[in-house]
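These are the residues of each chain, in order.
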There are 2 protein chains.
Amino acid sequence: MDEALAEARLALDAGEVPVGAVVVHDGAIIGRGHNRRETANDPLGHAELIAIAAAARHLGRWRLFGCSLFVTLEPCPMCAGAVVNSRLDRVVYGAADPRAGAAGSIMDIVRDGRLNHRAEVVSGVRAPEAAELLRGFFAARRKSKD
Amino acid sequence: MDEALAEARLALDAGEVPVGAVVVHDGAIIGRGHNRRETANDPLGHAELIAIAAAARHLGRWRLFGCSLFVTLEPCPMCAGAVVNSRLDRVVYGAADPRAGAAGSIMDIVRDGRLNHRAEVVSGVRAPEAAELLRGFFAARRKSKD
């Protein structure tokens, strides 16, 4: 999660909502990403999707069994759906997202028994640091709009 | 939807599950995609994500207001979440997906009032052709495994 938080700080430095993610396989990081929606003008530029795509390229397969995703913020529906589609074993997230979180908060796509894959979820890891990054970002943005 | 079906046939020709999508803005196609999960070893290689990313590149913005997504199969949770994240006005789909459809079948992410955007949904457009493409693909695959 240290490395996911480092990715989130890269997003912050770029003026993006600070969210970072890494994919781990056999104890090694094989994909990393941070939010770059504004920088790249990409609605799909969430940290998780970037890290998952990188991990699949690294392994040369689309099924990421044996892999865990570490992300600083609870995944949104798109990213939670990507976790299912990529057959990840596990999602470890930091701060919960009560507005759009889809790994337990407003819905639970990652563990939905109707879909063809479910991933284990571990929540709240380094949550205060992840949340503080987000709080700081939004407070600064509100201030700059005053 | 003609063009989305043409994209689905390109997927079929490549040995992929035949799903195709286009994004339309002001009556013109500004993004197109077909499923390339196997070809590209990419768990995110769904038709919708490819078409949405292309449309955002074309417009140079991540908010795709004023745009409609045409897709031959009801979007999965990942792609339905991408519709919300990209602020698309409308989703027009062909065949419903009773197993994983997230625009009305097993869930309705696209019109979920708790999320920060909702898109209009039109379903069943050219559904028999879209479904027939899928049926043919899966029948052939089962036969090849006999």
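Parameters and conventions
Residues numbered from 1 in each chain as written. Chains lettered and ligands numbered in written order. Predicted model: local features only at pLDDT ≥ 70, side-chain atom pairs only at ≥ 80, totals over all residues. Heavy atoms only, no water. Helix = DSSP H or I, 4+ residues; strand = E, 2+ residues; numbered from the N terminus. Rg over C-alpha atoms; globule rule 2.2 N^0.38 Å. Areas by Shrake-Rupley, 256 points an atom, 1.4 Å probe, with all protein chains shown as cover. Lys, Arg positive; Asp, Glu negative; His and termini not counted. Charge placed at Lys NZ, Arg CZ, Asp CG, Glu CD. Least-squares fit on C-alpha atoms with pLDDT ≥ 70 in both. Contact = heavy atoms within 4.5 Å. Buried < 20%, exposed > 50% of the residue type's maximum accessible area, 1.4 Å probe, protein only. Pairing = 2+ DSSP bridges. Expected span 1.5 Å × (residues − 1). Buried area = accessible area lost by both parts, 1.4 Å probe. Salt bridge = Lys/Arg side-chain N within 4 Å of Asp/Glu carboxyl O. Polar contact = N/O pair within 3.5 Å; in protein donor to acceptor, adjacent residues only side chain to side chain. Nonpolar A, V, L, I, M, F, W, Y, C, P; charged D, E, K, R; others polar. Core = buried A, V, L, I, M, F, W, Y, C linked by side-chain atoms within 4.5 Å. Axes fitted to C-alpha atoms, helices over the stretch in contact; angles between N-to-C directions.

**What to know about the overall build of chain A**
Then, in step 1: If you tally the helices and strands in chain A, you get five helices and five strands.
Then, in step 2: Taken from N to C terminus, the helices and strands of chain A fall in the order α-β-β-α-α-β-α-β-β-α.
Then, in step 3: Computed over its C-alpha atoms, the radius of gyration of chain A comes to 14 Å, within 12% of the 15 Å expected for a compact globule of 146 residues.
Then, in step 4: With the C-alpha coordinates of chain A rotated into their principal frame, the extents come out at 50 × 30 × 25 Å.
Then, in step 5: Element-wise, carbon and sulfur atoms account for 50% of the exposed surface of chain A, whose accessible area totals about 6,200 Å².
Then, in step 6: Taking the average location of the 19 positive side-chain charges in chain A and that of its 18 negative ones, the two points are 3 Å from each other.

**Details of the relation of the copies chain B and chain A**
Then, in step 1: For the pair chain B and chain A, the superposition axis carries a translation of 0.0 Å, the fit reaches an RMSD of 0.0 Å, and the rotation angle comes to 180°. Considering both components of the superposition, the chain copies are consistent with a two-fold axis. Measuring from the rotation axis to each C-alpha of chain B, the shortest distance belongs to Met-78 of chain B, at 2.0 Å.
Then, in step 2: When the interface residues of chain B are mapped onto chain A, 100% of them are again interface residues, pointing to one common binding face.

**With respect to the pairing of strand E4 (residues 90-95) of chain B**
Residue and element names in this part refer to chain B.
Then, in step 1: Most of E4 is tucked away: five of the six residues are buried.
Then, in step 2: Here strand E3 (residues 67-73) runs beside E4; their pairing, made up of five bridges, is parallel. Looking at E4, one finds that Leu-73 is bridged to Ala-95.
Then, in step 3: Direction of pairing for E4 relative to strand E5 (residues 120-122): parallel, over a ladder of three bridges. By the bridge assignment, Arg-90 is partnered in E5 with Glu-120.

**Considering helix H3 (residues 47-59) of chain A**
Then, in step 1: The first and last C-alpha atoms of H3 of chain A sit 19 Å apart over 13 residues, in line with the 18 Å expected at 1.5 Å per residue.
Then, in step 2: By the burial criterion, the buried members of H3 of chain A are Ala-47, Glu-48, Leu-49, Ala-51, Ile-52, Ala-53, Ala-54, Ala-55 and Ala-56 of chain A.
Then, in step 3: Turning to H3 of chain A, the residues buried within the fold contact strand E1 (20-25), strand E2 (28-34), strand E3 (67-73) and helix H4 (77-85) of chain A together with helix H3 (47-59) of chain B.
Then, in step 4: Two residues or fewer after H3 of chain A comes Gly-60 of chain A, characterised by a positive phi angle close to 70°.

**Re the interface of chain B and chain A**
Then, in step 1: With 31 residues of chain B at the interface, the matching set in chain A holds 31 residues.
Then, in step 2: Carbon and sulfur atoms supply 66% of the area buried between chain B and chain A, which totals about 2,400 Å² over both sides.
Then, in step 3: Where chain B touches chain A, the interface holds zero salt bridges.
Then, in step 4: For the pair chain B and chain A, the interface holds six residue pairs in polar contact (both at pLDDT 80 or more).
Then, in step 5: For the side of chain B that touches chain A, the secondary structure elements donating two or more residues are helix H2 (37-40), H3 and helix H4 (77-85) of chain B.
Then, in step 6: In terms of residue count, H4 of chain B provides more of the side of chain B that touches chain A than any other element does, five residues in total.
Then, in step 7: Across the side of chain B that touches chain A, the residue classes break down as 16 nonpolar, six polar and nine charged.

**Considerations on the pairing of E1 of chain A**
All names here are of chain A.
Then, in step 1: Counting buried positions over the six residues of E1 gives five, a clear majority of the element.
Then, in step 2: Where E1 and E2 come together, six bridges link them in antiparallel fashion. Paired with Gly-20 across the bridge in E2 is His-34.
Then, in step 3: Connecting the antiparallel pair E1 and E2 is a turn made up of two residues, with Asp-26 showing a positive phi of about 50°.
Then, in step 4: By the bridge criterion, five bridges tie E1 to E3 in an arrangement that is antiparallel. Counted as the bridge partner of Ala-21 is Val-71 from E3.

**Here we look at the environment of His-34 of chain B**
Residues and elements named next belong to chain B.
Then, in step 1: Tracing the backbone shows His-34 in strand E2 (residues 28-34).
Then, in step 2: Apart from residues no more than four positions distant in its own chain, His-34 is found in contact with Glu-7, Leu-10, Ala-11, Val-19, Gly-20, Gly-45, Ala-47 and Ile-50.
Then, in step 3: Within the local environment of His-34, its side chain forms a polar contact with the side chain of Glu-7, the two groups lying 2.8 Å apart.

**Focus on the nonpolar core**
Then, in step 1: Grouped together as the largest cluster of nonpolar side chains are 101 residues, with contacts concentrated most on Val-23 and Ile-109 of chain A together with Val-23 and Ile-109 of chain B.
Then, in step 2: Discounting residues that sit within four places of it in the chain, Val-23 of chain B has contacts with Ala-28, Ile-29, Ile-30, Gly-31, Ala-51, Ile-52, Ala-55, Cys-67, Ser-68, Leu-69 and Leu-88 of chain B.

**Re the sheet that holds E2 of chain B**
One key point about sheets: their strands pair by backbone hydrogen bonds, in either a parallel or an antiparallel sense.
Residues and elements named next belong to chain B.
Then, in step 1: The strand order across the open sheet formed by five strands is E2-E1-E3-E4-E5, and the pairing between neighbours is mixed. Edge positions in the sheet fall to E2 and E5, since each has one partner strand and no second. Put simply, the sheet's adjacent strands are angled 20° from each other on average, direction ignored.
Then, in step 2: The strands touched by helix H1 (residues 2-13) within the sheet are strand E1 (20-25), E2 and E3, with E1 carrying the most contacts at an inclination of about 150°.

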